[in-house]
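Residue strings, one per chain:
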Amino acid sequence: MKSELRVLDARLPSLFEMASFCNNKGYELFPVRDGKKFKCDVFKDGNFLKAGMELFNTWWECEYIGYGKIYKALNKWEHSN
C-alpha cells in the first residue's frame, strides 16, 4: 500500500528555506533510519533536544514535515483548517 506525501501547508517555503531559517535559529534535524522508514531527531545549538517518534517514508518527507513544524512554531504560524 502506497502512502501519500503529507503536506503541512501549501504556503510553506521550500525545504531549503525552512532548513536555513531553522538552522540560523540553532535548530537542526537529523534523519535516522528505522527499518525502511525514517524519523528525525532534533538538536538545538548542537545539543540533543528530542528523539523523533513519527515515521516517514523518505528522508525528504521527514525533514520537510519536521522543519515545517519548527518553522511554524518559530513564526507563530496561524494554521487554518
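See the structure printed just above.
Now for a look at the structure at hand. Since this is a predicted model, take the numbers as computed values, not measurements.

Residues other than glycine seldom take positive phi values, yet Asp-45 does so here, at roughly 55°. Here Asp-45 shows up in the loop between β2 (37–44) and β3 (47–50).

A word on the pattern of salt bridges. Under the defined criterion, the tally for this structure stands at three salt bridges. Among the salt bridges present, the one from Asp-34 reaches Lys-39, with a minimum N-O distance of 3.5 Å. When its relative accessible area of 35% is taken as the criterion, Asp-34 is described as partly exposed. Of the charged contacts in the structure, one is a salt bridge between Lys-69 and Glu-54, with a shortest N-O distance of 2.9 Å. Here Lys-69 is found in helix α2 (residues 59–74), whereas its partner Glu-54 is found in the loop between β3 and α2, with 15 residues between them in sequence. With a relative accessible area of 33%, Glu-54 lands in the partly exposed category.

Across eight bridges, the pairing between strand β1 (residues 27–34) and β2 is antiparallel. Looking at the pairing, Phe-30 lines up with Asp-41 of β2. Between the antiparallel neighbours β1 and β2 lie two residues, among them Gly-35 with a positive phi of about 70°.

Ranked by internal contacts, the top residues of the largest apolar core, which has 17 residues, are Met-18, Cys-22, Leu-29, Tyr-64, Tyr-67 and Ile-70. Contributing elements (two or more residues each) for this core: α1 (15–24), β1, β2 and α2. For this core, the element with the highest residue contribution is α2, accounting for six residues. Apart from residues no more than four positions distant in its own chain, Met-18 is found in contact with Leu-12, Pro-13, Tyr-64, Tyr-67, Gly-68 and Tyr-71.

Across the sheet, which stays open at both edges, the three strands sit in the order β1-β2-β3 with antiparallel pairing between neighbours. Across the chains shown, the open sheet's two edge strands, defined by having one partner strand only, are β1 and β3. Recorded for the sheet is a direction-independent mean angle of 45° between the axes of neighbouring strands. Its contacts with the sheet put α2 on β1 and β2, and the angle it makes with β1 is roughly 150°.

Rules of the game
- Residues numbered from 1 in each chain as written.
- Predicted model: local features only at pLDDT ≥ 70, side-chain atom pairs only at ≥ 80, totals over all residues.
- Heavy atoms only, no water.
- Helix = DSSP H or I, 4+ residues; strand = E, 2+ residues; numbered from the N terminus.
- Salt bridge = Lys/Arg side-chain N within 4 Å of Asp/Glu carboxyl O.
- Buried < 20%, exposed > 50% of the residue type's maximum accessible area, 1.4 Å probe, protein only.
- Pairing = 2+ DSSP bridges.
- Core = buried A, V, L, I, M, F, W, Y, C linked by side-chain atoms within 4.5 Å.
- Contact = heavy atoms within 4.5 Å.
- Axes fitted to C-alpha atoms, helices over the stretch in contact; angles between N-to-C directions.

All we've got here are geometric facts, nothing functional implied.
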